[in-house]
Amino acid sequence: MADDNSQRVALVTGASRGIGAAIGYALAQAGRHVVLCARDQDKLDQVKQQIESTGGSASVHTCDVSDGEAVTALVESVAGEHGRLDILVNNAGITRDNLLLRMTDDEFDAVMQTNMRSVFVACRAVLRPMMRGKFGRIVNIGSVAGLVGNAGQTNYAAAKAAIAGFTRSLAREMAAKKITANVVAPGFIETEMTDVLPDKVKELAKGATPVGRFGLPDDIAACVAFLSSDQAGYITGQVVAVDGGMTMC
Ligand SMILES: NC(=O)c1ccc[n+]([C@@H]2O[C@H](COP(=O)([O-])OP(=O)(O)OC[C@H]3O[C@@H](n4cnc5c(N)ncnc54)[C@H](O)[C@@H]3O)[C@@H](O)[C@H]2O)c1
């Protein structure tokens, strides 16, 4: 099945750098108009310029996804401006790592608010425009930590595991409306988020990755581009690990 001839509109959160920026490029290369969202206008503008320099179409909206009202307003504004919203990629995420014995309430709550609650609010807000368009592709970025756990990341793993259960339930609710919902669960990907980790942790992660290298943001973006394409309409409620084989079973 060929893609819809008119330009689909995609909203990508956390698109100012790393995996989110790579997803923005990939969706633009696939012919989407990409709405890039994060908190930093300057960085978003740089991503937009790079997309446009290769012939893609993009716009930017600043938004703090931990603010539910702001997320709802963002979705309504994008859907109103373009008259449609076809694709949502919930990618924005943070870490506040600590062993559970020492983890503070703030560390737990911040991760749940930014990584999980934002997904609930954004997904809820896109359903009406997607139903109106009789098409929708939702891709939520999880993590292998949500599948197999990771010491020091009880908060992060809980949020990412919650995203998987949430997405499967959403997929069941929306399947008959031609709206799919899937999770992409990255393994260890080279970004500023992982750059700060100690070398010992990086060595352990590489050793646990059968393909023998860290992932690149483009590895994740390629999967998101496919899951958000018209051709992926028969895939829903799945958690796809893009992890170099780290969690195969
Ligand atoms: N890098 C990895 O190895 C890895 C592995 C598994 C999952 N992930 C997930 O992939 C996603 C992207 O990770 P990354 O490595 O590119 O991280 P990153 O830190 O490089 O980028 C995160 C992006 O999210 C944005 N963001 C953070 N908090 C935000 C907020 N409150 N409001 C709006 N935007 C906000 C940042 O500005 C940035 O654009 C995250 O959800 C992360 O949990 C990453």
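Structure's up top.
Description of the structure in this document. (Residues numbered from 1 in each chain as written. Predicted model: local features only at pLDDT ≥ 70, side-chain atom pairs only at ≥ 80, totals over all residues. Heavy atoms only, no water.)

### Overview of the pattern of salt bridges
When charged atoms on two side chains of opposite charge get close, those side chains can pair. Selection rule: Think of a salt bridge as a Lys or Arg side-chain nitrogen and an Asp or Glu carboxyl oxygen that are within 4 Å of each other. Using a 1.4 Å probe on the protein chains alone, a residue whose accessible area is under 20% of its type maximum counts as buried, one over 50% counts as exposed, and one in between counts as partly exposed.
For the coordinates displayed, the defined rule picks out seven salt bridges. One salt bridge connects Arg84 with Asp86, and the closest N-O pair in it is separated by 2.9 Å. With a relative accessible area of 3%, Asp86 lands in the buried category. Residues joined by salt bridges that share partners form a network here, namely Arg8, Arg84, Asp86 and Asp230.

### Concerning the site of the ligand
Rules: Any residue with at least one heavy atom within 4 Å of a molecule or strand is counted as near it. Under this definition, polar contacts are N or O atom pairs within 3.5 Å; protein pairs additionally need one hydrogen-donor-capable and one acceptor-capable atom, and for neighbouring residues in sequence, both atoms have to be side-chain atoms. The accessible surface values rely on the Shrake-Rupley method and a 1.4 Å probe; as for residues, cover is taken only from the protein chains in view. Helix and strand definitions here come from DSSP, where helices need a minimum of 4 consecutive H or I residues and strands a minimum of 2 consecutive E residues; each element is numbered from the N-terminal end. Residue polarity is assigned by list, with Asp, Glu, Lys and Arg as charged and Ala, Val, Leu, Ile, Met, Phe, Trp, Tyr, Cys and Pro as nonpolar; anything else, Gly included, falls into the polar class.
Taken together, 29 residues form the shell around the ligand, and within it Ser16, Arg17, Asn91, Tyr156 and Thr191 come nearest. Residue Arg39 places a side-chain N or O atom 3.3 Å away from a nitrogen atom belonging to the ligand. The side chain of Lys160 places a nitrogen or oxygen atom 3.0 Å from an oxygen atom of the ligand. Isolated, the ligand exposes 830 Å² of accessible area, and the fraction of that covered by the protein chains is 95%. Within the residue set of the shell around the ligand, elements represented by two or more residues are helix H1 (18–29), helix H6 (154–174) and helix H7 (192–195). Residue composition of the shell around the ligand, grouped by class: 13 nonpolar, 12 polar and four charged.

### Quick notes on the sheet that holds strand E2 (residues 33–38)
Consider a sheet: its strands pair through backbone hydrogen bonds, and that pairing is either parallel or antiparallel. What counts, and what does not: One bridge is not enough; two strands pair if DSSP finds at least two bridges between them. All axes are obtained by fitting lines to C-alpha atoms, using only the stretch in contact for helices, and the reported angles, taken between N-to-C directions, cover 0 to 180 degrees.
Taken together, the seven strands give an open sheet; going across it, the order is E3-E2-E1-E4-E5-E6-E7, and neighbouring strands pair in parallel fashion. Either end of the sheet is taken by a strand with one partner, and the two such strands are strand E3 (57–62) and strand E7 (239–242). Ignoring strand direction, the axes of neighbouring strands in this sheet form an average angle of 20°. When strand E5 (residues 136–141) meets strand E6 (residues 179–186), the two strands line up parallel, connected through six bridges. When the sheet's bridge partners are listed, Arg137 is paired in E6 with Thr180.

### What about the nonpolar core?
So the rule is basically this: Definition of nonpolar core: a set of buried residues of the types Ala, Val, Leu, Ile, Met, Phe, Trp, Tyr and Cys, connected through side-chain atoms within 4.5 Å. Every residue pair with non-hydrogen atoms within 4.5 Å of one another is taken to be in contact.
Ranked by internal contacts, the top residues of the largest apolar core, which has 37 residues, are Leu11, Leu85, Leu88, Val126, Ile138 and Leu170. Residue assignment for this core shows that the elements contributing at least two residues are strand E1 (9–13), E2, helix H3 (68–82), helix H4 (105–133), H6 and E6. Per-element accounting of this core gives the leading share, 10 residues, to H4. Ignoring anything within four residues of it in the chain, the contact list for Leu170 reads Cys123, Leu127, Ile138 and Ala181. The next biggest cluster of nonpolar side chains, apart from the first, holds 30 residues, and it includes Ile23, Ile51, Ala58 and Val224.

### Considerations on empty space enclosed by the protein
With a probe scaled to a water molecule rolled over the atoms, the places where space remains empty come into view. The condition that has to hold: Of the two site types, the cavity is a set of points on a 1 Å grid over the protein atoms alone where a 1.4 Å probe fits but cannot get out, and the pocket is an open set with protein on both sides within 12 Å along at least five of seven lines, each lined by residues with an atom within 4 Å of a point. Grid points are joined across faces, edges and corners, and a volume is the space filled by probe spheres set on the points.
Counted according to the given criterion, the structure contains two cavities of 30 Å³ or more. Roughly 50 Å³ of volume is contained in the largest cavity. Lining the largest cavity, in full, are Thr13, Val65, Asn90, Asn91, Ala92, Thr114, Asn115, Ser118, Val119, Ile141, Lys160 and Ile163. When contributions to the lining of the largest cavity are tallied by element, the ones reaching two or more residues are H4 and H6. Examining the composition of the lining of the largest cavity, we find that four residues originate from one element, H4, more than from any other.

### Notes on helix H9 (residues 217–227)
Those residues of H9 not exposed but buried are Pro217, Ile220, Ala221, Cys223, Val224, Ala225 and Leu227. Looking at the packing, one finds that the buried side of H9 touches H1, strand E4 (87–90), E5, E6 and E7.

### What about the packing of H4 against H6?
Our working definition: An angle below 35 degrees is treated as roughly parallel, one above 145 as roughly antiparallel, one from 65 to 115 as roughly perpendicular, and anything else as oblique. A clockwise turn of the near helix away from the far one marks a right-handed crossing, whereas an anticlockwise turn of less than a right angle marks a left-handed crossing.
Where H4 contacts H6, the two axes come as close as 9 Å, and the packing angle between them is 15°. When the interaxial angle is binned, H4 and H6 end up roughly parallel. Note on packing geometry: the crossing formed by H4 with H6 is right-handed. Here Glu107, Phe108, Val111, Met112, Asn115, Met116, Val119, Phe120, Cys123, Leu127 and Met131 of H4 lie close against H6, whose contacting residues are Asn155, Tyr156, Ala158, Ala159, Lys160, Ala162, Ile163, Phe166, Leu170 and Met174.

### Let's talk about H6
Condition: To estimate the expected span of a helix, count its residues, drop one, and scale the result by 1.5 Å.
Its 21 residues place the ends of H6 30 Å apart at the C-alpha level, agreeing with the 30 Å of an ideal helix rising 1.5 Å per residue. Listed as buried for H6 are Asn155, Tyr156, Ala157, Ala159, Lys160, Ile163, Ala164, Thr167, Leu170, Ala171 and Met174. For H6, the elements touching its buried residues are H4, E5, helix H5 (145–148), E6, H7 and E7.

So far we have only geometry, and geometry alone does not tell us how the molecule works.
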